[in-house]
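In case you want the letters, here they are:
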Amino acid sequence: MGDPAATTPANALVLCTEGLSKSFGGLQATRDVSLSLHRNELHAVIGPNGAGKSTLVNLLAGEFTPSAGRILLEGRDITSLNVWQRTRAGVARSFQRTNIFLPLTVHENVRLAAQARTGTLASLLSRAANSRTLFEITDLAIERVGLTQSRLRPSGELSHGEQRQLEIAMTLATDPKVLLLDEPLAGMGQEEGERISALLKSLARDHAVLLIEHDMDFVFKVADVMTVLVEGAVLASGTPQSVRESAAVQAAYLGGHA
Amino acid sequence: MIEVPLRTTRLLPHTLLGRIGLVVLAAAITVLPWLVPSYYAELVTSAMIAAMLALSMQLLVGATGLVSLGHGAFYGLAAYVVYLISPENVALPIWITLPVAMLVAGAAACVVGLFSLRTTGFFFLMVTLAFGQMIFFVFHDTKLGGGTDGAYLTKPLISAFGATLDLPRKQKYLGTYYVALVQLVAMYLGLAMLLQTLFGRALEGIRVNEHRMRAIGFDTFKIKLIAFTLAGALAGAAGHMWALHRGFVNPEIVGWHQSAEALLMILLGGLGSLHGPILGALALTGLGEVAQLLTERKLLVEGLVILAVVILLPRGLAGLGSRNTSNGAGDRHG
């Protein structure tokens, strides 16, 4: 797998899309979207309801096949890869609605995610228990999201916020280059939000992060780069400052916010 | 790094008592034929063969969450394979018939799985039913296996390493009895080991949340196909044993109600454990026998008893020993 930091610059281009489009029957959910995600960068995508944010994540994660356009991961065309192939290639997502294995403990949830990458038949037939590196990867991911105290608890007993953290830990355990985080703050209180905000900033240091979030104050606080989607198309893209000042964005979306 | 106690898969007995219970059951079956008339020993042979079929199906139903109505077809197909490869008046050794029957059943399951596993839920049920009935009609409507009447196999049926099992005629049933017992125990232990591997964990993950399994990078189609093929081959072992035990084949053993009956055994014994199907098969066979003695409405009595068990014991007969779920999970952290 290697250490990407050793060979690539700190803010190297990791993933980009070229003219990505998706239509469902007559509805065009994504129109000609070209964006790029860099390492050490938190890229937030905002837009009103129905702007195609979730469709974009689903296209990047391989859940949907684009009608047109390409997706490149470190220069390699991954447009035709399906969901699990993309995860193995290094594009991992978290879900808007918490999507974990409720009967399993925190540790078991994360370990399952860590195990996926050793998916050859021979390793599948090894005893599930005994792999040291597996435990290390698992514990590291759990520690990173701050769930070490709860690692042996059944995930069904966790608070909503902790389940969101677990969701991110599972994504981390797949050893991703790109993190697609679909509304990680959904349904969280103020205090939990602060914690996740710090976590996202730390994640962006060694991953390319795409964040979809409704909470505008939060987005302007954490994002390095922002893309505004309206009706499936990119309305504006740039630093939070330039997006805030863009007349088009103010007219179409932000309204009195700025 | 803190060591984490690993929970055994929920399908295996969690307590020492549970494990001892299974050993006692196996020991009781081992000595049984010497204590009861041959009629009952043959009945237990039938029950053990049914248990093998239900056990192979538990790999799909209880472990992976796949309910198939085509599973019985692989069982019946394997029984026909024994008939089809046996030349007249010569007994083929079991080390030829068993692997061939399992290979054919497994190959058929692999082909059916390639198509049916692209669907889920209700559609999976219907597609597997359709494939199963196709195999049924091959034997029902063609002369391949004697048509609707079926066909008899050449005796003696069990032979190995060039020598047939040379028992006095009155003790012939002991041969099939112990061969079936050895296979049943081997199948249980083999599946128990398999479920402890990462493959077993992946099956459990698929049962709980297949979508998420794909998102964390598992090729769930491949994993399900391997499970489906393996379950088909194991059903083949059961069908092979059925042919050796009964000495004839007919289309009825390929029909969809074989799958339905195996499902009933799983439900009766318990969806949440690997040994549940074995208990269910023994109980259903015993129940059928008792019901037949008491009344002419055998199926009605069976139906009522199964209904009562499902309502009163949601975890099946296997759930009788343990008190409740949370208890079982809690013990193992200490």
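The coordinates are above.
These lines cover the structure that appears in this document, whether it is placed above or below. Not measured: the values here are computed from a predicted model. (Residues numbered from 1 in each chain as written. Chains lettered and ligands numbered in written order. Predicted model: local features only at pLDDT ≥ 70, side-chain atom pairs only at ≥ 80, totals over all residues. Heavy atoms only, no water.)

### Focus: the pattern of salt bridges
So, point 1. With the rule as written, the count across this model stands at 13 salt bridges over all chains.
So, point 2. Across the salt bridge formed by E204 of chain B and R207 of chain B, the nearest N and O atoms sit 3.6 Å from each other. With E204 of chain B and R207 of chain B both in helix 7 (residues 198-215) and three residues apart, this pair spans about one turn of that helix.
So, point 3. Residue E204 of chain B is classed as buried on the basis of its relative accessible area, which comes to 12%.
So, point 4. What makes R207 of chain B partly exposed here is its relative accessible area of 31%.
So, point 5. Residues participating in the shared-partner salt-bridge network are E18, R70 and D77 of chain A. (Salt bridge = Lys/Arg side-chain N within 4 Å of Asp/Glu carboxyl O. Helix = DSSP H or I, 4+ residues; strand = E, 2+ residues; numbered from the N terminus. Buried < 20%, exposed > 50% of the residue type's maximum accessible area, 1.4 Å probe, protein only.)

### A word on the packing of helix 4 (residues 94-116) of chain B against helix 5 (residues 121-141) of chain B
All names here are of chain B.
So, point 1. It is the contact of helix 4 with helix 5, at a shortest axis distance of 10 Å, that shows an interaxial angle of 145°. Seen along the crossing, helix 4 lies across helix 5 with a hand that is right-handed. Packed against helix 4, whose contacting residues are V112, F115 and S116, the element helix 5 presents F124, V127, T128 and F131 at the interface.
So, point 2. Its residues assigned to classes, the contact of helix 4 with helix 5 shows five nonpolar, two polar and no charged. (Axes fitted to C-alpha atoms, helices over the stretch in contact; angles between N-to-C directions. Left-handed = near helix turned anticlockwise from the far one by under 90°. Contact = heavy atoms within 4.5 Å. Nonpolar A, V, L, I, M, F, W, Y, C, P; charged D, E, K, R; others polar.)

### Details of the packing of aromatic side chains
So, point 1. According to the stated counting rule, one finds eleven aromatic pairs over all chains in the structure shown.
So, point 2. Summarising the aromatic geometry, the rings of F122 of chain B and F123 of chain B are spaced 5.9 Å apart at their centres and angled 75° between planes, so their arrangement reads as edge-to-face.
So, point 3. Residue classification places F123 of chain B among the exposed residues on the basis of a relative accessible area of 57%.
So, point 4. Clustering of aromatic rings is evident, with ring pairs tying together F74, F124 and F228 of chain B.
So, point 5. Taking the ring centre of F220 of chain A as reference, the NZ or CZ of R244 of chain A above it sits at 4.3 Å. (Phe/Tyr/Trp six-rings, centres within 6.5 Å; stacked < 30°, edge-to-face > 60°. Lys NZ or Arg CZ within 6 Å of the ring centre and 35° of its normal.)

### Here's the deal with a nonpolar patch on the surface
Residue and element names in this part refer to chain B.
So, point 1. Residues L300, L304, L307, I311 and L312 make up a contiguous nonpolar surface patch of roughly 580 Å² in combined accessible area.
So, point 2. Inspection of the secondary structure puts L304 in helix 11 (residues 298-312).
So, point 3. On the basis of relative accessible area, L304 is assigned to the exposed category, the value being 55%. (Patch = residues over 30% accessible without salt bridge, like charges linked within 9 Å, V, L, I, M, F, W, Y side chains within 5 Å. Areas by Shrake-Rupley, 256 points an atom, 1.4 Å probe, with all protein chains shown as cover.)

### Regarding the nonpolar core
So, point 1. Counting residues in each nonpolar core, the largest one holds 135 residues, and the members touching the most others are F74 and L274 of chain B.
So, point 2. Broken down by element, the residue count for this core peaks at 15 residues, all from helix 2 (residues 38-64) of chain B.
So, point 3. Each of domain 1 (12-90 + 176-258) and domain 2 (101-175) of chain A accounts for three or more of the residues forming this core.
So, point 4. What L274 of chain B contacts, discounting residues up to four positions off in sequence, is L11, L12, L55, Q58, Y188, L191, A192 and L195 of chain B.
So, point 5. V33, L37, A51 and L59 of chain A belong to the second largest nonpolar core, which has 25 residues in total. (Core = buried A, V, L, I, M, F, W, Y, C linked by side-chain atoms within 4.5 Å. Domains from an automatic or database assignment.)

### Remarks on helix 11 of chain B
All names here are of chain B.
So, point 1. With 15 residues, helix 11 should cover 21 Å at 1.5 Å per step; its first-to-last C-alpha distance of 21 Å lies within 8% of that length.
So, point 2. Residues E302, I306 and V309 constitute the buried set of helix 11. Across the axial projection of helix 11, the buried residues extend over an arc of 60°, all falling on one side. More than 90 degrees from the buried face of helix 11, the exposed residues found are L300, L304, L307, I311 and L312.
So, point 3. In this fold, the buried residues of helix 11 make contact with helix 9 (256-269) and helix 10 (276-294). (Expected span 1.5 Å × (residues − 1). Arc of directions from axis to C-beta.)

### Section: the sheet that holds strand 11 (residues 233-238) of chain A
All names here are of chain A.
So, point 1. Overall, mixed pairing links the six strands, which are arranged 7-8-9-4-10-11 in an open sheet. Each edge of the open sheet carries a strand with a single partner, namely strand 7 (91-94) and strand 11. With direction set aside, neighbouring strand axes in the sheet form an average angle of 20°.
So, point 2. Relative to strand 9 (residues 208-212), strand 8 (residues 178-182) runs parallel, the two being bridged by five bridges. Bridged to L180 within strand 9 is L210.
So, point 3. Across the sheet, helix 2 (residues 53-61) lies against strand 4 (41-46), strand 7, strand 8, strand 9 and strand 10 (225-230), angled at about 150° from strand 9, the strand it touches most. (Pairing = 2+ DSSP bridges.)

### Some remarks on the environment of A41 of chain B
So, point 1. Structurally, the position occupied by A41 of chain B is in helix 2.
So, point 2. Along the backbone, A41 of chain B and L174 of chain B are 133 residues apart, and their C-alpha atoms lie at a distance of 7.9 Å.

Keep in mind these numbers describe shape, not what the thing actually does.
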